[in-house]
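Okay, here's what each chain looks like letter by letter:
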Amino acid sequence: MKKTINTKIEQTLLDEINSLRREMIIQGITKGLNNKKTIELSQKLDIVLNQYQLT
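This structure is a prediction, so every number in the text was calculated from the model and none was measured.

Student: Would you mind showing me how to read the side chain of Thr38 here?
Tutor: The topology assignment puts Thr38 in helix α2 (residues 36–54). A polar contact of 3.0 Å, which involves the side chain of Thr38, links it to the backbone oxygen of Gly32. Those residues within four positions of Thr38 in sequence are excluded, and the remaining contacts are Met24, Gln27, Gly28, Gly32 and Leu33.

Student: Any chance you could explain the side chain of Gln27 here in plain terms?
Tutor: When you line up the elements, Gln27 lands in helix α1 (residues 2–31). On the basis of relative accessibility, which here comes to 16%, the residue Gln27 falls in the buried class. Separated by 3.2 Å, the side chains of Gln27 and Asn35 make a polar contact. Sequence-distant contacts of Gln27, defined by excluding residues within four places in its chain, comprise Gly32, Asn35, Lys37, Thr38 and Leu41.

Conventions we followed
- Residues numbered from 1 in each chain as written.
- Predicted model: local features only at pLDDT ≥ 70, side-chain atom pairs only at ≥ 80, totals over all residues.
- Heavy atoms only, no water.
- Helix = DSSP H or I, 4+ residues; strand = E, 2+ residues; numbered from the N terminus.
- Polar contact = N/O pair within 3.5 Å; in protein donor to acceptor, adjacent residues only side chain to side chain.
- Contact = heavy atoms within 4.5 Å.
- Buried < 20%, exposed > 50% of the residue type's maximum accessible area, 1.4 Å probe, protein only.

Structure follows, in structure tokens:
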């Protein structure tokens, strides 16, 4: 049972990572890498990546 829960959590985190990555890339291309929103997305992505590594 624990394995199933971890797998679901991991998949949820992976989905969020991919979504944030895509959004950050689009934002970076359209608004620039130093744009406030691009930086915020990068920081949020870092947090989710760290959470994923801890699972």
